[in-house]
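Single-letter residue listing:
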Amino acid sequence: MSATLVKSPSTAPPAEPPPRVVPARRTGQWTAAAAVLALLALALVSVVRNKAFQWDVVAEYFTSASVLRGLGLTLWLTVLVTALGFVLGTLLAVLRLSANPVLRWVSWGYVWFFRSTPILVQLLFWFNIGVLYPQILGVNTVNLLGPVAVAVIGLTLHEAAYAAEVVRGGILSVDRGQIEAAQSLGLGRRRRLTRIVLPQAMRAIVPPAGNMLIGTLKGTSIVSVIAVQDLLYSTQLVYHRTYEIIPLLLVATLWYVAVTSVLGIGQYYVERHYARGTAGAR
């Protein structure tokens, strides 16, 4: 009688536990971050507790009538110069892209000249236009332009040169196929520009245009050299009388920071509006 060997069922080896993920240690990064925060805190405390800043004087003049009048003129100049600059800049950009070589060279020459000349020099030339040309077409130019008019003209002409390049870059960013499709539909050049090109170009125009707006706001402070009573000049009038230079400069600085912060927030929402439906939307 033969014996039958019965094999016992083999037992499977125990499953190995999954490898444990050990997060990378960033000791150096956290140390650097802590050191930076500590330095910032020390700087903030030193500014707040330093009596030389005279924060009580800053609070006294921050909303004074003269400072607010200067702030109003600064905002008015910023809005007017930016609007006029982009109107003229858009015209220059269209001329630069024209098929007419004369128009292209005129536009290029304008941009080249005003971008090559410091804004302060331009303002001083306009301020002394009566010395250079006592009469233009029979009109006496001596004392014809006041400081505010000189500021508007000088800043606008300077702004337009940069706005022209911003608008031109935005127009060139539009896909050529869009323009050809509009041509195939029989749209004229003007309607192609206003209905097809510019709405799409705004995605590329808005970011640098927002930066230019903020730059114009701060750049208006240069008109104080021709006695335009903007924000900076208004604070200068006060500290020339009281000799409290640092706190009055802080008043102007805080107002510039506040307004530029508001403009930065507005720029963010305008950019998001024109970036709808694209990868840049957020």
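All of these numbers come straight from a predicted model, not from anything done at the bench. (Residues numbered from 1 in each chain as written. Predicted model: local features only at pLDDT ≥ 70, side-chain atom pairs only at ≥ 80, totals over all residues. Heavy atoms only, no water.)

K.L.:
Looking at this model, I keep getting lost on the packing of helix α10 (residues 231-242) against helix α11 (residues 245-274). Mind explaining?
P.N.:
Packed helices, taken two at a time, are described by the angle their axes make and the gap between the axes. Running from N to C, α10 and α11 point in directions that differ by 165°, and their axes come no closer than 9 Å. By the angle class used here, α10 and α11 are roughly antiparallel. Our pair here, α10 against α11, has a crossing hand that is right-handed. Note on element contacts: α11 touches α10 through Ile245, Leu248, Leu249, Val251, Ala252, Trp255 and Tyr256, opposite Leu231, Leu232, Thr235, Val238 and Tyr239. Looking at the contact of α10 with α11 residue by residue, the classes come out as 11 nonpolar, one polar and no charged. (Axes fitted to C-alpha atoms, helices over the stretch in contact; angles between N-to-C directions. Helix = DSSP H or I, 4+ residues; strand = E, 2+ residues; numbered from the N terminus. Parallel < 35°, antiparallel > 145°, perpendicular 65-115°, else oblique. Left-handed = near helix turned anticlockwise from the far one by under 90°. Contact = heavy atoms within 4.5 Å. Nonpolar A, V, L, I, M, F, W, Y, C, P; charged D, E, K, R; others polar.)

K.L.:
Sorry if this is basic, but what is going on with the packing of helix α7 (residues 147-172) against helix α9 (residues 189-219) here?
P.N.:
In the contact formed by α7 and α9, the axes pass within 8 Å of each other and the chain directions differ by 140°. Put simply, α7 runs oblique to α9. When the axes of α7 and α9 are compared, the crossing they make is right-handed. Here Glu159, Tyr162, Ala163, Val166, Val167, Gly170 and Ile171 of α7 lie close against α9, whose contacting residues are Leu193, Val197, Leu198, Ala201, Ala204, Ile205, Pro208, Ala209, Met212 and Thr216. Among the residues making up the contact of α7 with α9, the classes are represented as 14 nonpolar, two polar and one charged.

K.L.:
When you look at the pattern of salt bridges in this model, what are you seeing that I'm missing?
P.N.:
Side-chain pairs of opposite charge can arise where the charged atoms are in close proximity. Taken as a whole, this structure holds two salt bridges when the rule is applied. With its nearest N and O atoms 3.1 Å apart, the salt bridge here joins Glu165 to Arg96. One end of the pair, Glu165, is in helix α7; the other, Arg96, is in helix α3 (residues 65-96), and 69 residues separate them in sequence. Linked through salt bridges whose partners overlap, the residues forming this network are Arg96, Glu165 and Arg168. (Salt bridge = Lys/Arg side-chain N within 4 Å of Asp/Glu carboxyl O.)

K.L.:
For this particular structure, what's the right way to read the UniProt feature "transmembrane region" (unreviewed entry) in the protein chain?
P.N.:
In the UniProt entry, the feature "transmembrane region" (unreviewed entry) is given for residues 30-48, 68-95, 107-127 and 245-270. The distance separating the terminal C-alpha atoms of residues 68-95 is 40 Å; by composition the span is 100% helix and 0% strand. Here residues 107-127 is 90% helix and 0% strand, with 25 Å between the C-alpha atoms at its ends. (UniProt positions renumbered as here; feature names shortened; annotations may be inferred.)

K.L.:
Sorry, what's going on with the packing of aromatic side chains here?
P.N.:
Aromatic ring pairs are defined here through the distance separating the ring centres and the angle between the ring planes. Counted according to the given criterion, the structure contains seven aromatic pairs. Both rings, one in Phe113 and one in Phe114, keep their centres 5.2 Å apart while their planes meet at 90°; by these two values the pair is edge-to-face. Since its relative accessible area comes to 12%, Phe114 is described here as buried. Considering the side-chain rings of Tyr268 and Tyr269, the 5.1 Å spacing of their centres and the 75° angle between planes classify their relative orientation as edge-to-face. On the basis of relative accessible area, Tyr269 is assigned to the partly exposed category, the value being 47%. Connected via pairs of aromatic rings, a cluster forms that spans Trp105, Trp108 and Trp112. (Phe/Tyr/Trp six-rings, centres within 6.5 Å; stacked < 30°, edge-to-face > 60°. Buried < 20%, exposed > 50% of the residue type's maximum accessible area, 1.4 Å probe, protein only.)

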